[in-house]
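# Structural characterization, general
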Amino acid sequence: MNVTVTRVFPFLLVVLGIYLWIGYSITELTDGGGEVNTAIDISPEGGEAIYWGKGRCFTCHSVGGQGSAVRGPNHGQFGEKFPMPMGARAAERAKERAEKEGNDFNAVDYIVESMASPGAYVVKGYKNEMAVVYAPPISLSLKEIKAVTSYLMSLGGDLDMEAIDTSPSEITQAFYSKISAAAEAGGGDPGAGAEVFEDNCAECHMLAEEGGEIGPALDGISAKGLKFISESILQPTKALAKGFETWVLIDKEGRQSIGLKSRDEAAEVDITKANGDVVTVAKTDIKEMKIDDTKSVMPDDLSEGLTVKDYQDILSFLMLQKPKTE
Ligand code: HEC
Ligand code: HEC
């Protein structure tokens, strides 16, 4: 069973709201310039604030008796199912892994991996449905991920700030590099995103000369930034692309056609509906024709058919659609 965006949609909106509210600029992420959110300390306290705040970890995880979410494992010591808090548990899991793979996998590696590649090790009894926390709408920076790691290590573990921050192991460093690179590209998996695009968007949008013509071509769309693209999907009416406004035409018999004005000539106009049907109406038959800026021909319930992962994947796919430099 997939957790569809419907179920987490209110959550997404809240997160998006908070994130717009604090004026957190996604362009800083995509530019790769400057430290985002310098107010956060890389410390267990800083990480705790993120865990119960921006990181949204608490929407799926609890810590002992704190919190009530059960979709992910409890990060504290809790009942028989969780005999060890996360820091100690990470050391235990890392030891098993190191023995199996014959490497030096350590507790920090384990916790960082759970965020860098949530699918790499799926805790028994749970589904592979942990969010990519460095992708929208959560968008943690590397610094924030380090802070959260120190918080989880402080729960019964051997807290070593150097291993987390200044001199990470090779394995952790590789995850950090992956996180930085992926965050710049939107955080998801662009290959999977291409398929999601094909199934949900290509009927209306062209890319590299292929696809439908109902919506604007999306070549070079990355130039508009991650925030713009994610809003276009979640709230299509927020900013209607120029030339793609929604027209409502009522003819003299009272019939209504809603869609894009795809042709406007002296004698007649064409309205292209969202399903691609074209309605041609003679100008002499038109009673009323106006733009409705509260509607987009792009469906606003697209997110209902997408999982959070689909959404993150499609964003990273679109972030790779760079403008051509001739
Ligand atoms: C959408 C729900 C969701 C969110 C949000 C989420 N997680 Fe998870 N997490 C899970 C699930 C489900 C699992 C178990 C499956 C797996 O191992 O991937 C898990 C597993 C983990 C594990 C491994 C636990 C263990 O017992 O070994 C860690 C560590 C973890 N998450 C940390 C975090 C942190 C830190 C955040 C916030 C920055 C976070 N998660 C946000 C769902 C979530
Ligand atoms: C039924 C047709 C239709 C489908 C399906 C559709 N769109 Fe759209 N899309 C439009 C139309 C029409 C516009 C222009 C009006 C607007 O901005 O809302 C648009 C606008 C956009 C924009 C803004 C483009 C710009 O330059 O301003 C983006 C980004 C976008 N769509 C992405 C997507 C993605 C991603 C999907 C699939 C998940 C998708 N669309 C599915 C019709 C569609």
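Everything that follows concerns the structure shown earlier in this document.
My aim in this report is to walk through the structure given alongside it, one point at a time. (Residues numbered from 1 in each chain as written. Chains lettered and ligands numbered in written order. Predicted model: local features only at pLDDT ≥ 70, side-chain atom pairs only at ≥ 80, totals over all residues.)

## Details of the site of ligand 1
Condition: By definition, a residue lies near a molecule or strand when the C-beta atom built from its backbone is within 6 Å of it. Strands are runs of DSSP state E lasting at least two residues, helices are runs of H or I lasting at least four, and both sets are numbered from the N terminus onward. Gly is placed with the polar residues, together with every amino acid not listed as nonpolar (Ala, Val, Leu, Ile, Met, Phe, Trp, Tyr, Cys and Pro) or charged (Asp, Glu, Lys and Arg).
Near ligand 1 lie 28 residues; those nearest to it are Gly 55, Cys 57, Cys 60, Gly 72 and Met 130. Where the shell around ligand 1 is concerned, the elements lending two or more residues are α4 (86–101), α5 (107–116) and α6 (142–153). Its residues assigned to classes, the shell around ligand 1 comprises 16 nonpolar, six polar and six charged.

## Considerations on α4
Stated precisely, the cut-off is as follows: By definition here, a helix of n residues has an expected span of 1.5 Å times n minus one. Three exposure classes are used, all based on how many other C-beta atoms lie within 10 Å of a residue's own C-beta (placed from the backbone): buried at 20 or more, exposed at 12 or fewer, and partly exposed between those limits. Picture the helix axis, draw a direction to every C-beta atom, and the arc is the one those directions span. Remark: residues whose backbone-derived C-beta atoms lie within 7 Å of one another are considered to be in contact.
Between its terminal C-alpha atoms α4 stretches 22 Å, which fits the 22 Å expected from 16 residues at 1.5 Å a residue. Residues Met 86, Gly 87, Arg 89, Ala 90, Arg 93 and Ala 94 constitute the buried set of α4. One side of α4 holds all its buried residues, which, seen down the axis, span an arc of 150°. When the buried face of α4 is taken as reference, the exposed residues oriented beyond 90 degrees from it are Glu 96 and Glu 99. Its buried side turned inward, α4 meets α5 and α6. Count one or two residues on from α4 and you reach Gly 102, which has phi positive near 65°.

## Remarks on the nonpolar core
One recurring pattern in soluble globular proteins: nonpolar side chains tend to sit buried together. In plain terms, the rule: Nonpolar core, as used here: buried Ala, Val, Leu, Ile, Met, Phe, Trp, Tyr and Cys residues forming one set through C-beta atoms within 7 Å.
Judged by nonpolar contacts, the single largest core of 60 residues is most densely connected at Ile 111, Tyr 134 and Leu 318. If sequence neighbours within four positions are ignored, Ile 111 has contacts with Ala 90, Thr 149, Leu 152 and Met 153.

## A short note on the environment of Pro 44
Of note, Pro 44 is situated in helix α3 (residues 44–51). Assessed through the 21 C-beta atoms surrounding it within 10 Å, Pro 44 is described here as buried. For the pair formed by Pro 44 and Lys 146, sequence separation is 102 residues and the distance between their alpha carbons is 9.4 Å.

## A closer look at the sheet that holds strand β4 (residues 256–264)
Where we set the bar: Two strands pair under a simple rule: DSSP has to find at least two bridges between them. Only the stretch in contact is used when fitting a helix axis, every axis being a line fitted to C-alpha atoms; angles between N-to-C directions are given from 0 to 180 degrees.
The five strands are arranged β6-β5-β4-β3-β7 in an open sheet whose pairing can be described as antiparallel. Looking along the sheet, the strands with just one partner apiece sit at the ends: β6 (278–282) and β7 (286–291). Direction aside, the axes of adjacent strands within the sheet are offset by 40° on average. Summarising the sheet, strand β3 (residues 247–251) and β4 pair through four bridges and their orientation is antiparallel. Bridging from a neighbouring strand, Trp 247 pairs with Gly 259 of β4.

## As for the environment of Val 248
Looking at the secondary structure, you find Val 248 in strand β3. We classify Val 248 as partly exposed; it has 15 C-beta atoms within 10 Å. When the C-alpha positions of Val 248 and Met 289 are compared, they lie 5.7 Å apart, and in sequence the two are 41 residues distant. Sequence-distant contacts of Val 248, that is, excluding residues within four places in its chain, are made with Gln 256, Ile 258, Lys 290 and Asp 292.

## Let's talk about the site of ligand 2
What surrounds ligand 2 is a group of 24 residues, the closest being Cys 201, Cys 204, Gly 215, Phe 244 and Met 298. Looking at which element gives the most residues to the shell around ligand 2, the answer is helix α10 (residues 226–234), with three residues. Counted by class, the shell around ligand 2 contains 18 nonpolar, five polar and one charged residues.

## Focus: the pairing of strand β5 (residues 268–272)
In this sheet, β5 lies alongside β4 in antiparallel orientation, the contact comprising four bridges. In the sheet register, Leu 260 faces β5, and the bridge partner there is Thr 272. Between β4 and β5, which pair antiparallel one after the other, the connecting turn spans three residues. With antiparallel pairing between neighbouring strands as the criterion, β5 and β6 make up a hairpin whose turn holds five residues, including Gly 276 at a positive phi of roughly 95°.

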